[in-house]
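Report on the structure
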Amino acid sequence: MTATLTAGASRETRDVGQAMHALIADLYPFCRSITGDGVRATLLRLGVLNPLTLHEVRSGTQVLDWIVPPEWNVRDAYIKNSRGERIVDFRASNLHVLNYSVPVHRTVSLAELRRHCFTLPDHPDWTPYRTSYYNEAWGFCLPHRLLESLPEGEYEVRIDATLAPGYLTYGEVVIPGASADEVLFSCHICHPSLANDNLSAVAVATFLARHLRHERRPTHHTYRFLFIPGTIGSITWLARNAELVPRIKHGLVLAGLGDSGCLHYKRSRRDTATIDRAVAQVLRERGAPYEVLPFAPYGYDERQYCSPGYDLPVGCLSRTPYARYPEYHTSADDLSFVRPDALADSYATLALICDVLDGDARYRNASPYGEPQLGRRGLYEPIGGATQTRLNEMALLWVLNLSDGHHSLLDIAERAGLPFADVRHSANALLAHRLLLPTTPQEEL
Amino acid sequence: MTATLTAGASRETRDVGQAMHALIADLYPFCRSITGDGVRATLLRLGVLNPLTLHEVRSGTQVLDWIVPPEWNVRDAYIKNSRGERIVDFRASNLHVLNYSVPVHRTVSLAELRRHCFTLPDHPDWTPYRTSYYNEAWGFCLPHRLLESLPEGEYEVRIDATLAPGYLTYGEVVIPGASADEVLFSCHICHPSLANDNLSAVAVATFLARHLRHERRPTHHTYRFLFIPGTIGSITWLARNAELVPRIKHGLVLAGLGDSGCLHYKRSRRDTATIDRAVAQVLRERGAPYEVLPFAPYGYDERQYCSPGYDLPVGCLSRTPYARYPEYHTSADDLSFVRPDALADSYATLALICDVLDGDARYRNASPYGEPQLGRRGLYEPIGGATQTRLNEMALLWVLNLSDGHHSLLDIAERAGLPFADVRHSANALLAHRLLLPTTPQEEL
Amino acid sequence: MTATLTAGASRETRDVGQAMHALIADLYPFCRSITGDGVRATLLRLGVLNPLTLHEVRSGTQVLDWIVPPEWNVRDAYIKNSRGERIVDFRASNLHVLNYSVPVHRTVSLAELRRHCFTLPDHPDWTPYRTSYYNEAWGFCLPHRLLESLPEGEYEVRIDATLAPGYLTYGEVVIPGASADEVLFSCHICHPSLANDNLSAVAVATFLARHLRHERRPTHHTYRFLFIPGTIGSITWLARNAELVPRIKHGLVLAGLGDSGCLHYKRSRRDTATIDRAVAQVLRERGAPYEVLPFAPYGYDERQYCSPGYDLPVGCLSRTPYARYPEYHTSADDLSFVRPDALADSYATLALICDVLDGDARYRNASPYGEPQLGRRGLYEPIGGATQTRLNEMALLWVLNLSDGHHSLLDIAERAGLPFADVRHSANALLAHRLLLPTTPQEEL
């Protein structure tokens, strides 16, 4: 695992890794779904860490092509054997209930029970996570070994749930910036006791928002964090925020950011949007292994943000992509599966991505005919050791050479193969010496 | 060989393979050239299988930069030794006469005879195929071993041929479609007893035309099949059909489709025309080995169709490309060299290419904001087993995501890496649910 | 080394290799710098071989963002030990004086002396080359072994130099062509006794100019050769020739053309300018190993020509790039380090590059519908042996096929994978037969 992280993470970053893991542990027991009290409880907890606006949208509301479903809540659920013993117990794990089960209270034969049970024969000790949001059904999820051990006989099944008019709940944290242009971070909060999918991203997003609020103010962009149920949540947000959509200049769906795999970035439908290039730049700079994947209209809420009517520049950042690890959507995606160092690495990477998005700009070389004489201005001197010197000198020369009103600093970092921070730092030095000028409004990013 | 064909060819396709081989056997003995009775006899035989229009263009007619040559016919030809025995006999193989030889009847020494003989020292038992269309000459083609065995002495050489004003003959099969836009298939019919070059393509084209007429009517495009002598035939057709040329939207020159090599596609001069992409898509989908070659102004009649004044989107489909197999232009390119399974594979591939050309279209997602709720419309249910389900679901999502008025179904299949048939099938399902709309005329393909 | 040169260099080319090496030997002893009598003496020697205009620009003149510095000349310099012996002597090698040293005449302790001495500990017998153009300083360069051997004691240091108002000197050779469009060759002449950097390029440029004047007149382009001090020289030329700059259509900075490494071409800032493609084409054709490097705003005077205000199509041709060989900027870059065969190969390559730049043109096929009948015009006959025939026939067909007013002969050579000379030769034959037409002014290159 260590090999996939950037070396020399700072102590602060390591502390944030521990804090994120602790937040995941807090949220882990709640019974979340696409609606219901588990979501509300989760958002209230997140509201302690950032100023969070909680939105409630009534069941039955038309949102784009969809309708907000009834709200689902579970008080209790179990399977009892003929001796009245709870052999499957919701109180032990909320994964045991098929998510969005209709209520049931019956006595059934083993044969009928089996038709309502979901197991993983290949992982007989794990409980799977299954849902039935839009088909009325009841069911239990349990270890295969347990199901196989059940004797013939009668079983009492009870799911004390309500599926009734109520609300869809989501949360929003907005960090105003100098510009009304927005960066969107979106993560799904609809999964019950699963740590990596997606409490990991919920925790990373929460601490990234704190970082932007505390250490980076004021930012250039306005940053918007959405904590929403998957699919229906992004559809609801898009339906209710038509006027905000055009402001989204960059965005990322965050999911599965705590496992020990290397980072994977799935590009937006646009393929070469600034977000696609900014993430690739940061991943290259980090030096750790990573993969960039093409867009596909499958996955998480990028499906909605990248639908052709919106076509937003929104990609998706994960560590191991969904369904590519055996623990995915099982009880094995637990608190031990997510690691503080992986969370910290995801967090640090996202902070660098924000640096690029916020620091990118386009300038004009004020002395574009030949090179300006840098030595006369002391632009070689403030520079330290030999290697570092060359690096910064190269960044100065690249910024001067490509600052023609067309190339942005990100373009320059890409073409020069230099870290974005070096390019930004050089641009600052040149701006201070009036060797760079702001671009005209037409030339702006 | 089997390895280069797609597995599981249907019985119908295998039957067509046998029928094509039988047609080649029928046509094999005729003495064809760029003009003459052998071409007429060939076209009459093809006219039994499809409604074929036979065109005759008088010798001396100016066609583009060329002039239709005199018509050539041979009644008999031989070399007799001093005992009056036919040691080389046109009745045994029409390859023995230099194609387009002027008539001759003389007695010559062995030394003079040798100056008029063509052999293949590297394949001493094979007879080469040689032509002299535009230079007056006479000559014989024979096995090198035979020539080497001839004793000194006098030889009677006779070529009882006529080279006189007459006609250039070619055939045309047109299958009208819903649209006046045309797909052109062109194959040369000027070679005498050579099976792969090019009776193979003549047979495949003939049966492809039958397939389109019987099993596929009505087609979207109008399909035009040309059975023409090489070079002078395509030049003649182009010269006489200036008003038709702009209707050709896609085209293929067909040649050498019966040998056991893998399929080779040579792109049109345009390099990325729809025909280039459609053929590449089908070759990828088939799963068998294949090669795609760049355009070059050498080869078959694509040289004329792709001349800069026309620049038609016409590529060339072959199995082993010309001159890359030793049997090329020799008596070894005989009936045993072409195989029913290879012919059937070429035929099936061309049928799939027609599926793509005819089935390609551009649509607009009628519900482009977010994904439409497919489950509500039963668009997940009619789908069978697990793997197939995912595949079709992916095709549905890709078609919805990219149907923005810009991407065609072929574009979608390419970007998604999905079989075109799956994409077309998904589009049909979405059209039935009014989730896709036709594009405006400006957006049409 | 031989492996990196094209086989079969002609005797003439080999003789030129010897002549270039002899010129380098002549120029080697002069004490050059960015100004001064060594530069003047060098240019006077070059003026014997080509009509050279010598320019002098007064110290203190503003040139772009820079100011022409005072002129530097050295009469003598030494370090004497306590016995009055010259232990470091300018008369033995001009590298011993820190280039642009201020005058000094003092007696110093060993400790102080060491602070003014530059050595190469990794190459203890070599003397480094160091400069201090824009920081006032004095110093000596010497072998590390010598410095280490010096006993404690007092040393007399003397640099009998002048650093005073004078001139910056550069030379220009212009070869007028049919067109006012220019090809620029620029090489730096500011280094003292270093053979590869850059007397090699000075010699190659000199003999290339002779070749163009004597064997190639009249050329299409006007050719301009600049013999200038690095950085300040190109800046001075650009500042004084604003009206000429737009005429520069292609250009190369020449540097380090005599070592035994393979050729390296660094592309212009434009990346795909005609010069970039022409050099790549010639390097491919030669068959010897080579490397093409991306543009970077570091290196030689391409930094100035490619500054964003000019953005000229100027690349840089070297053998081993600067600083990638240990002899770089040391006394080991001497007459034995540069080789006649390497110089000859650089020269021959540049002559071919001029062939491409001068021979490139765009034509229109006069018979664009179908192929013209080449046989009728004897365009197959004048062609010799079998292999060569095919090659030239291919070139004829490619030129006809792509001469549509859009493709230049260089485009055609690139797409066809043919030598440019074959393409140019075919175009000449087709022009003679009126099968090619000149393009309209709008279509011209």
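The rules behind these values
- Residues numbered from 1 in each chain as written.
- Chains lettered and ligands numbered in written order.
- Predicted model: local features only at pLDDT ≥ 70, side-chain atom pairs only at ≥ 80, totals over all residues.
- Heavy atoms only, no water.
- Helix = DSSP H or I, 4+ residues; strand = E, 2+ residues; numbered from the N terminus.
- Buried < 20%, exposed > 50% of the residue type's maximum accessible area, 1.4 Å probe, protein only.
- Contact = heavy atoms within 4.5 Å.
- Lys, Arg positive; Asp, Glu negative; His and termini not counted.
- Charge placed at Lys NZ, Arg CZ, Asp CG, Glu CD.
- Salt bridge = Lys/Arg side-chain N within 4 Å of Asp/Glu carboxyl O.
- Polar contact = N/O pair within 3.5 Å; in protein donor to acceptor, adjacent residues only side chain to side chain.
- Nonpolar A, V, L, I, M, F, W, Y, C, P; charged D, E, K, R; others polar.
- Least-squares fit on C-alpha atoms with pLDDT ≥ 70 in both.
- Pairing = 2+ DSSP bridges.
- Axes fitted to C-alpha atoms, helices over the stretch in contact; angles between N-to-C directions.
- Disulfide = S-S within 2.5 Å.
- Core = buried A, V, L, I, M, F, W, Y, C linked by side-chain atoms within 4.5 Å.
- pLDDT = per-residue confidence, 0-100.
- Parallel < 35°, antiparallel > 145°, perpendicular 65-115°, else oblique.
- Left-handed = near helix turned anticlockwise from the far one by under 90°.

1. Considering the overall build of chain A
The secondary structure content of chain A amounts to twelve helices and 19 strands. Residues counted as buried form 61% of the 445 residues belonging to chain A. The contacts in chain A between residues at least 6 apart in sequence include a share of 81% that link residues at least 24 apart. With 44 positive and 50 negative side-chain charges, chain A shows a separation of 2 Å between the mean positions of the two kinds.

2. Considering the interface of chain A and chain B
When the parts come together, some accessible area is lost, and that loss is often what is quoted as the size of the interface. Counting residues at the interface gives 19 residues for chain A, matched by 21 residues for chain B. On the surface where chain A and chain B come into contact, there are four salt bridges. Two residues, R303 of chain A and E371 of chain B, come together in a salt bridge whose shortest N-O distance is 2.6 Å. One can count 13 residue pairs in polar contact (both at pLDDT 80 or more) joining chain A with chain B. Tallied by class, residues from the side of chain A that touches chain B come to eleven nonpolar, four polar and four charged.

3. Looking at the relation of the copies chain C and chain B
When chain C is brought onto chain B, the operation consists of a screw motion whose angular component is 120° and whose axial shift is 0.0 Å, with 0.1 Å RMSD remaining. Classification of the inter-copy transformation places it as that of a three-fold axis. No C-alpha of chain C approaches the rotation axis more nearly than that of T272 of chain C, which lies at 13 Å.

4. Focus on the pattern of salt bridges
All names here are of chain A. Scanning the model with the defined rule gives 83 salt bridges over all chains in all. Here D26 makes a salt bridge to R45, at a shortest N to O gap of 2.8 Å. Pair noted here: D26 is in helix 1 (residues 11–27) and R45 is in helix 2 (residues 37–47), with a separation of 19 residues, a long-range link. Relative accessible area serves as the criterion here: at 38%, D26 is assigned to the partly exposed category.

5. Quick word on the sheet that holds strand 18 (residues 404–408) of chain A
Residues and elements named next belong to chain A. The three strands lie next to each other as 18-17-19, forming an open sheet whose pairing is antiparallel. Two strands bound the open sheet, and with one partner strand each, they are strand 18 and strand 19 (436–438). The mean inter-strand angle of the sheet, taken between neighbouring strand axes irrespective of direction, is 45°. Two strands pair when backbone bridges link them, and strand 17 (residues 362–365) and strand 19 are joined in this way by three bridges, in the antiparallel orientation. Paired with Y363 across the strands is P438, a residue of strand 19.

6. So, helix 6 (residues 232–240) of chain A
An α-helix turns once every 3.6 residues. As a result, residues three or four positions apart point the same way. A large share of helix 6 of chain A lies buried, amounting to seven of its nine residues. Within the sequence span of helix 6 of chain A, burial applies to I232, G233, S234, I235, T236, W237 and L238 of chain A.

7. With respect to the state of the cysteines
Following the criterion strictly, the structure yields zero disulfides over all chains and no others. Unpaired in this structure, C117 of chain A has its nearest cysteine sulfur neighbour in C141 of chain A, at a distance of 8.4 Å. Taking relative accessible area as the criterion, C117 of chain A reaches 12% and is therefore assigned buried. Looking at the unpaired C262 of chain B, the closest cysteine sulfur is the one in C316 of chain B, lying at 14 Å.

8. Some remarks on the side chain of S408 of chain A
With respect to the secondary-structure elements, S408 of chain A resides in strand 18. Setting aside residues no more than four positions away along its own chain, S408 of chain A makes contact with D360, A361, R362 and L445 of chain A.

9. Describing the nonpolar core
Among the nonpolar cores identified, the biggest contains 132 residues, and F140 of chain B together with F185, F225, F227, L254 and L350 of chain C are the most heavily contacted of them. Examining the composition of this core, we find that eleven residues originate from one element, helix 5 (residues 195–215) of chain C, more than from any other. Each residue touching F140 of chain B, except ones within four places of it in the same chain, is listed here: A77, Y78, I79, V88, H96, L98, H116, C117, F118, V157, R158 and I159 of chain B. Judged by nonpolar contacts, the second largest core, of 80 residues, contains C306 of chain A together with I275, L396 and L410 of chain B.

10. A look at the confidence of the model for chain A
Residues and elements named next belong to chain A. Residue-level pLDDT values for chain A average 94, and 95% of them are 70 or greater. Between residues 1–8, whose pLDDT stays under 50, and residues either more than four places distant or in other chains, the model counts 26 contacts. Scored as a whole, the predicted complex attains pTM 0.92, and scored at its interfaces, ipTM 0.92.

11. Let's talk about the sheet that holds strand 18 (residues 404–408) of chain B
Residue and element names in this part refer to chain B. Spatial ordering of the open sheet is given by 18-17-19, a layout of three strands whose pairing is antiparallel. One side of each edge strand has no neighbouring strand; the edge strands of this open sheet are strand 18 and strand 19 (436–438). Here the strands of the sheet are splayed against their neighbours by 45° on average, with no regard to which way each runs. Where strand 17 (residues 362–365) lies against strand 18, two bridges are found, and the strand directions are antiparallel. Bridged to R364 within strand 18 is D404. Along the sheet, helix 11 (residues 409–416) makes contact with strand 17 and strand 18, crossing strand 18 at roughly 70°.

12. Observations concerning the packing of helix 1 (residues 11–27) of chain C against helix 2 (residues 37–46) of chain C
Residues and elements named next belong to chain C. Running from N to C, helix 1 and helix 2 cross one another at 150°; their axes reach a closest spacing of 10 Å. Comparing the axis directions of helix 1 and helix 2 gives the class roughly antiparallel. Viewed along their axes, helix 1 and helix 2 form a crossing whose handedness is right-handed. Across the interface between the two elements, L23, D26 and L27 of helix 1 pack against T42, R45 and L46 of helix 2. The class makeup of the residues in the contact of helix 1 with helix 2 is three nonpolar, one polar and two charged.

13. Section: the pairing of strand 10 (residues 167–175) of chain B
Residue and element names in this part refer to chain B. In terms of burial, strand 10 is a largely internal element, seven of the nine residues being buried. Relative to strand 10, strand 1 (residues 53–58) runs antiparallel, the two being bridged by six bridges. Its bridge partner lying in strand 10, L54 is registered against G171. Note that strand 10 and strand 12 (residues 222–228) share five bridges and pair antiparallel. Along strand 12, the bridge assignment pairs V173 with F225.

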